[in-house]
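Each chain is listed here by its residues.
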Amino acid sequence: MHDWRRTHHCGELRASHTGNLVRLNGWVNAYRGYGQQVFLDLRDRHGITQVVVEANDSNLELYKLADSVGREWCLAVEGKVRARLPGKENTDLATGAIEVEATEIVVLNQCPTPPFEVTEFPGEEIAGEDLRLEKRYLDLRRPSLQKTLVLRHTLNRVIREYLSERGFLELETPLLGRSTPEGARDYLVPSRVHPGSWYALPQSPQLYKQLLMIAGYDRYFQIARCLRDEDLRADRQPEFTQLDLEMSFVDQDDVLGMIEGLSKEIFKVCRGVDISLPIRRMGYDEAMLRYGSDKPDTRFGLEIEDLCDWAKTVDFRVFKEVIASGGVVRAIHVSQGASKFSNTDLKPGGKLSEVAVKAGAKGLAWLKYEDNKFLGGIEKFFSAEAQDALKARFGFQNGDLLLMVADKEDTAAQVLGTVRLHLANVLGLLAGKEDTFEILWIVDFPSFMHDPEAGRHIANHHPFTAPRVEDIAHLDTDPSKVRARAYDLVINGYEVGGGSIRIHDPVIQSKVFSVLGLSPEQAQEKFGFLLDALKHGAPPHGGIALGLDRWAMIIAGTSNIRDVIAFPKNQRARDMMTGAPAPVEPKQLKDLGL
RNA sequence: GGGGGCGUAGCUCAAUUGGUUAGAGUACCGGACUGUCGAUCCGGUGGUUGCGGGUUCGACCCCCGUCGCCCUCGCCA
């Protein structure tokens, strides 16, 4: 072959190309020998084309070569496009009307028998993930994984177009920065020039983008890699990608509105789904009360009900004591749930009870309603009137189940939030919801949470989040009452974005540092550059960051973040393919003074 | 660091709850076949049951330790 370079890709040829002399480059997806014929499916990222070699008197060499190739060999094929025999078209392939009758084949590279099958078959289990991650270059040949990486590209493209059209500048910020207190554990990089000193890789470009606002770049975005040295989860990687965005001279509604428009565009282009605007907003307190979570999955019901008023009226010591000590009694009513859980599941040590206990509950109280009466053991503590009130409150039907938790408010919320998600899984409430996207803003977060271990307040969002104007007075008196001008974006129970209006007043910023237990000296030492910058005509500004890996997960319909990252780390933060992290040469350490 | 699950042929899984020679599908190798398309049919190779120790007449199975992978809590401003 004088030139092996392709004239077409493997998803391109149609009946209209019949008679053309073409060259294809690709990988052997499948081999089918049939007597004196060989069929090869040649695959590239665009599609699959069938190549055929028929033995005759003059092409013995070619036939032998075609008969000898293995899966995943890389080939160049030259041949003539011809229509398939009538009735032999393959409607499953875009190129199924034609085939290429090979006149010459060049083996660009061989491949040993792959350690797992690259070809995917519906309903068939693919190889284990650790093996696939070790040979990721083969795994990434799978069409489904190629589709998710194309999605990542489309997502980035939509974002760049949408924001550029609206006057945003895509600007870059340093990877080598300064370690700051608060927040996640930093990845550190030793300085060779300054032995004993360290750079930190960014947890986010937070401070730089605020400084860009102060510098007058009033609409900024960046598709930024962020790094946090914390333990991994199914939806968390140590390095991940955020759409980082910041705007000057805006309030909360401006940022939310901009992201709502962008979200609509993303879903339209990347998923073909039309979401309706505006996106629902829910206060943090309401989310915690009704769903026991600040990132509620609202695709199903099972909402949490507060039973304090009712619990006060009953003669049940457990409830009485909890209420008396300032706690709450809350419940989930599971319609027709009684038969789904045996008394053994519900009793202490039982499956469902353990879910609650592991989430922090002391126990799970329960009532079944069968034969028009309550059963479960604790119903004897409830008077007929109390039982009637309960019945009316939930509209009890025979077969219903009530799960109750009495505890401190935050514990009760967390426990029932966990139980609620568990119930949804066990009861299959999310089946058939693959195309449902429940999007909502969570707003009005408390600015600070008290950390009993450290004996101080910690920032709920981050230390640069502006308090609501009417709450500023509480900074000096009772910081726990301060609500933040912060917002999280939640889709189907995933936190996919979070941001805030920032503090642009150096006095308030200093006050917040003080609430967080930073002395003026410490604040000056760690954040002096920011406090100084805020004095130099800082504009009001705010922004948000979207977790693009999670967006890609949701749009791609996977619950595994590694499915949407080309070269992810495993759960112990190791790159299974390269073996990173790995020891380095002693000389490298010496150069760094380590 | 805690809790849970898993580890058997290259791959995906089974092995009747401690019992004879650890099986199946697929992949791979060989053979047959001129319209296949997850080809089919016939035959074949392939096992330190993650690793180490223990209990037992006997261990894939039970016990102890250890390694690895996954989920989760802590952690993730």
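Analysis parameters
Residues numbered from 1 in each chain as written. Chains lettered and ligands numbered in written order. Predicted model: local features only at pLDDT ≥ 70, side-chain atom pairs only at ≥ 80, totals over all residues. Heavy atoms only, no water. Helix = DSSP H or I, 4+ residues; strand = E, 2+ residues; numbered from the N terminus. Contact = heavy atoms within 4.5 Å. Areas by Shrake-Rupley, 256 points an atom, 1.4 Å probe, with all protein chains shown as cover. Lys, Arg positive; Asp, Glu negative; His and termini not counted. Charge placed at Lys NZ, Arg CZ, Asp CG, Glu CD. Pairing = 2+ DSSP bridges. Axes fitted to C-alpha atoms, helices over the stretch in contact; angles between N-to-C directions. Domains from an automatic or database assignment. Near = heavy atom within 4 Å. Polar contact = N/O pair within 3.5 Å; in protein donor to acceptor, adjacent residues only side chain to side chain.

K.L.:
Let's hear about the overall build of chain A: which residues, and what values?
P.N.:
Across its full length, chain A carries 18 helices and 22 strands. Principal-axis analysis of the C-alpha atoms gives chain A an extent of 95 × 75 × 50 Å. At a minimum sequence separation of 6, the contacts of chain A that also span at least 24 residues come to 67%. Summing over all exposed atoms, chain A offers an accessible surface of approximately 29500 Å²; the carbon and sulfur share of this is 50%. Looking at chain A, you have 73 positive and 85 negative side-chain charges, and the mean spots of the two groups are 1 Å apart.

K.L.:
Which residues make up the sheet that holds strand β4 (residues 74-83), and what values do they have?
P.N.:
A barrel is described by the order of its strands in space; here five strands give the closed sequence β1-β2-β3-β5-β4, paired in mixed fashion. With strand direction ignored, the average angle separating the axes of adjacent strands in the sheet is 55 degrees. Across 10 bridges, the pairing between β4 and strand β5 (residues 98-109) is antiparallel. Residue pairing for β5: Lys80 is matched across the bridge by Glu101.

K.L.:
Requested: an account of the domain arrangement of chain A, with residues and values cited.
P.N.:
Segmentation of chain A into domains returns domain 1 (15-109), domain 2 (146-285 + 438-564) and domain 3 (300-427). Domain 1 and domain 3 are separated by 65 Å when their C-alpha centres are compared.

K.L.:
Tell me about the protein's contact with RNA strand B, and please be specific about residues and values.
P.N.:
By nearness alone, 53 residues border RNA strand B, and Lys88, Glu230, Asp231, Ala459 and His461 come closest of all. Sugar and phosphate atoms form 51% of the subset of RNA strand B atoms that lie within 4 Å of the protein. At 3.3 Å, a side-chain N or O of Tyr34 approaches a phosphate oxygen of RNA strand B. Breaking the surface near RNA strand B down by element, the ones donating at least two residues are β1 (21-34), β2 (37-44), β3 (47-54) and α2 (129-134). Element by element, the count of residues in the surface near RNA strand B is highest for β1, at four residues.

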